[in-house]
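# Inside the fold
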Amino acid sequence: MDVPSQPNEGETYVLPSAEATLIARSKLLSNLPQRGLGAEQIQHHLREDIVPGLNRASQSPNYYGFVIGGVTPAAAFADNVVTEVDQNVHVHLPNETISTDVEDRALSMVCELIGLSPAEWPHRIFTTGATASNVVGLACGREFVLREAAKTNSSGKHASVAEHGIFEAMKLAEKSGIQILTTVPHSSLRKAASIVGLGRASVVDVGMPDQRHIFDLPLLEKRLSEDTSIASIVAVSCAEVNTGLFATNGRDMQQIRRLCDQYGAWLHVDAAFGLLARVLPENEKYSTLKAGVAGLELADSITGDAHKLINVPYDCGIYLSRHLDIGIEVFHNPNAAYLNTASTESTTSTDRTIPSPLNIGIENSRRFRALPVYATLAAYGREGYREMLERQIALARGIAKYLLDSKDYVLLPQQPKGDSSDPLQHIYIVVLFRAKGEQLNKTLVKRVNAGRRLYVSGTEWAGLPAVRFAISNWQVDVERDLQIVKDVLVEAAS
Ligand SMILES: *Cc1c(COP(=O)(O)O)cnc(C)c1O
């Protein structure tokens, strides 16, 4: 075995070797012991047997597979405190703990980071991830669109999925279906549609034929208007996971908002990793990216992920909505007097009573996942996060530039004919490419990952295998990492 199962001092591997995973798996206890082995023995077992079989994706700046982020030192410290104090952040109990105040403050700091006014986003909560946030967004959207429809129809009755169930609410709203209109959705949007009873098939792509991530606005309007028995949710992919491209610019968002108001639709934005682009400074370098996140304040609900670009440990997603009443309607625990806040007196400086998290989100008992977010945002501030993202983008653009100039590789997606804009302007933190040679392209992912100096993931683009770099770790060092990437790509092509 020439590859060490543990990194040498001063270096980290990205993935364990195949041998290391085999060995680690063979050392797993095969059964529940009758008599426990004891905490000390187990510490040894975890360190020596299990950890060597785990990957270092989140610790390595050279893991470019999924958008997973890393863990900043401040967030890591806070996460250990979370375990130590083991708070259940469920009911707002201001005389017993300030944990709900911390969560509320962390979420308002998130709003400030991305340039949203916390007061306008009163339904805010940490979730387990962007998938959960998409579930919350669709559940709220479903509630809203049927309620609004019932207000304006002949029955004039209150229609609530939360109260009556989807069948009854549909009848009261005089609707026969709910469609989710979107472009290049993340797979979790269809999963969320399945969970909330709308169905995967209700997710309808309304992208342009030649640039599928961009809304075909006339088609969107047609789908919103042509069948008045169908209610609609519009879902914007704010940075698509294969290419990092944004579905809208500020002008599109204004038009989409206008259409949603006209047809009673809910506007949800999935900005799992796109959200952070809002911290970028206003300048020529980032104008395309800034346009991609312009107009987010027009949405009804927004999905974000803190375990991606905010670089806190798993798991932590973000949900923001302007409609607290809808959130409470969907998520409150009915008839549970013991879950009421002991005192309604608020300890916030903003005169706002903090809603109990268990009445505005999926879980009742919840981890104190707010603390790492609070800690890392406080530790590095807006400037720290801006600087971190600028490094990530600089590395992505450095890789893209190398690919553009290379005789062996093609940067994807290729620019549409007639588009003479600088291709690097579109690069955020994802770089998609393939090899020019068909043979090389078939084995490219394997060849790039073979040296184990970095890790990329394979995907498919326009029917052909393609490779994708996703850059999301706080530790990125542009010069060092670009050199590693270039060395590996040169070697893979030779
Ligand atoms: C990662 C991602 C998700 C899913 O997020 P999880 O945190 O894995 O649940 C959803 N949407 C987009 C755009 C993503 O990038």
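Residues numbered from 1 in each chain as written. Predicted model: local features only at pLDDT ≥ 70, side-chain atom pairs only at ≥ 80, totals over all residues. Heavy atoms only, no water.

### So, unusual backbone geometry
To keep it simple, the criterion reads: Put simply, DSSP marks the helices as runs of H or I at least four residues long and the strands as runs of E at least two long, and each gets a number from the N terminus on.
Here the bond from Tyr-314 into Asp-315 is cis, since omega is -10 degrees, no more than 30 degrees from zero. Relative to the elements of secondary structure, Asp-315 occurs in the loop between strand S7 (301-305) and strand S8 (317-321). The omega angle of the peptide bond from Leu-412 to Pro-413 is -15 degrees, so this bond is cis rather than trans. Among the structural elements, Pro-413 can be located in the loop between strand S9 (409-412) and strand S10 (430-435). At Asn-311, a position not held by glycine, the phi torsion is positive, near 60 degrees. Locating Asn-311 in the fold gives a position in the loop between S7 and S8.

### Remarks on the confidence of the model for the protein
The criterion, for reference: As a per-residue quantity, pLDDT reports the predictor's confidence and falls between 0 and 100. Here a residue-residue contact requires only that any non-hydrogen atoms of the pair lie within 4.5 Å.
Averaged over every residue, the pLDDT of the protein is 93; residues scoring 70 or more account for 95%. Ignoring residues within four places in sequence, the model shows residues 1-8, a span with pLDDT below 50, making 13 contacts including any to other chains. The low-confidence segment residues 342-347, where pLDDT is below 50, has 13 contacts with residues more than four positions distant or belonging to other chains.

### A look at the site of the ligand
Our working rule: Consider each residue's heavy atoms; a residue with any of them within 4 Å of a molecule or strand counts as near. In the analysis that follows, any N or O atom pair within 3.5 Å is treated as a polar contact, provided that within protein one partner can donate a hydrogen and the other can accept it, and provided that, for residues neighboring in sequence, both atoms belong to side chains. Residue burial considers only the protein chains on display, and all accessible areas are found by Shrake-Rupley using a 1.4 Å probe.
Lining the immediate environment of the ligand, one finds 13 residues, of which Thr-131, Asp-270, Asp-305, His-307 and Lys-308 sit closest. With respect to the ligand, the side chain of Asp-270 contributes an N or O atom lying 2.6 Å from a nitrogen atom. Interatomic distance of 2.7 Å between a side-chain N/O atom of His-307 and an oxygen atom of the ligand. Contact with the protein chains hides 83% of the accessible area of the ligand, taken as 380 Å² for the molecule alone.

### Let's talk about helix H15 (residues 478-493)
In an α-helix, one turn spans 3.6 residues, which is why side chains three or four residues apart end up on the same side. For clarity, the cut-off: What a helix should span is 1.5 Å times the count of its residues minus one. A 1.4 Å probe rolled over the protein chains alone gives each residue an accessible area, and that area as a share of the maximum for its type sets the label: buried under 20%, exposed over 50%, partly exposed in between. What the arc measures is the spread of directions leading from the helix axis to the C-beta atoms.
Between its first and last C-alpha, H15 extends 22 Å over 16 residues, near the 22 Å set by a 1.5 Å rise per residue. Within H15 the residues assigned to the buried category are Asp-481, Leu-482, Ile-484, Val-485, Val-488, Leu-489 and Ala-492. Each buried residue of H15 lies within a common arc of 160 degrees when the element is viewed along its axis, so the set occupies one face. More than 90 degrees from the buried face of H15, the exposed residues found are Glu-479 and Glu-491. In this structure, the buried residues of H15 make contact with strand S1 (63-64), helix H13 (370-405), S9, S10, helix H14 (438-450) and strand S12 (464-470).

### Things to note about the sheet that holds strand S4 (residues 203-205)
To keep things clear, this is the line we draw: Pairing between two strands is assigned when DSSP locates at least 2 bridges connecting them. To define axes, lines are fitted to C-alpha atoms, for helices over the stretch in contact only, and angles between the resulting N-to-C directions are given on a 0 to 180 degree scale.
One open sheet holds the 7 strands; their spatial order is S2-S8-S7-S6-S5-S3-S4, and the pairing between them is mixed. Of all the strands in the sheet, the pair left with one neighbour each is strand S2 (123-127) and S4. The average undirected angle you get between the axes of adjacent strands in this sheet is 20 degrees. Two elements, strand S3 (residues 177-182) and S4, share 3 bridges in a ladder whose sense is parallel. Looking across to S4, one finds that Ile-180 is bridged to Val-203.

### Considering the packing of aromatic side chains
Test applied: To pair, rings of Phe, Tyr and Trp, with the six-membered ring standing in for Trp, must have centres within 6.5 Å; the planes then decide the type, stacked if under 30 degrees apart, edge-to-face if over 60, and tilted in the middle. Only lysine NZ and arginine CZ atoms are considered, and such an atom sits over a ring when it is within 6 Å of the ring centre and within 35 degrees of the ring normal.
Per the counting criterion, the structure on display carries 8 aromatic pairs. Geometrically, the ring pair formed by Tyr-380 and Tyr-385 is edge-to-face, given 6.4 Å between the ring centres and 65 degrees between the ring planes. For Tyr-380, a relative accessible area of 30% translates into the label partly exposed. We classify Tyr-385 as buried; its relative accessible area is 1%. Feature note: the residues Tyr-64, Tyr-409, Phe-433 and Phe-469 constitute an aromatic cluster, connected by ring pairs. The ring of Trp-121 is capped by Arg-322, whose NZ or CZ atom sits 5.9 Å from the centre of that ring.

### A short note on the packing of helix H5 (residues 130-152) against helix H8 (residues 187-195)
Any two packed helices are characterised by the angle at which their axes cross and by the distance between the axes. Our working rule: In this scheme, roughly parallel covers angles under 35 degrees and roughly antiparallel covers those over 145, while 65 to 115 is roughly perpendicular and the rest are oblique. Each crossing is labelled by how the near helix is turned from the far one, with a counterclockwise turn of less than a right angle marking it left-handed and a clockwise turn marking it right-handed. As a working rule, the residues Ala, Val, Leu, Ile, Met, Phe, Trp, Tyr, Cys and Pro are called nonpolar, Asp, Glu, Lys and Arg charged, and the rest polar, with Gly in that last group.
Their axes nearest at 9 Å, the elements H5 and H8 cross at an angle of 50 degrees. Accordingly, the angle class assigned to the pair H5 and H8 is oblique. The chirality of how H5 crosses H8 is right-handed. The segment H5 lies against H8, with Thr-131, Asn-134, Val-135 and Leu-138 engaging Ser-188, Leu-189, Lys-191, Ala-192, Ala-193 and Ile-195. A class-by-class count of the residues in the contact of H5 with H8 yields 6 nonpolar, 3 polar and 1 charged.

### Focus: the pairing of S3
Regular strands show a simple pattern: their side chains alternate between the two faces of the sheet. So the rule is basically this: Throughout, right-handed denotes a crossover for which the path from the first strand over the helix to the second runs clockwise when the strands point away from the viewer.
Taken across its 6 residues, S3 has 6 buried, putting it largely inside the fold. Going residue by residue along S3, you find Gly-177, Gln-179 and Leu-181 tucked away on one face and Ile-178, Ile-180 and Thr-182 tucked away on the opposite face as well. Bridging between S3 and strand S5 (residues 230-237) involves 6 bridges; their strand directions are parallel. Within S5, the residue paired with Leu-181 across the bridge is Val-234. Crossover S3 to S4 through H8 is right-handed.

### Examining the packing of helix H4 (residues 99-113) against H13
Packing of H4 against H13 leaves a shortest axis separation of 9 Å and a crossing angle of 25 degrees. If you check the angle between H4 and H13, you find them roughly parallel. Taken as a pair, H4 and H13 cross one another with a handedness that is left-handed. Where H4 abuts H13, its residues Val-102, Glu-103, Arg-105, Ala-106, Met-109, Val-110, Glu-112 and Leu-113 lie against Ala-370, Leu-371, Val-373, Tyr-374, Leu-377, Ala-378, Arg-382 and Tyr-385.

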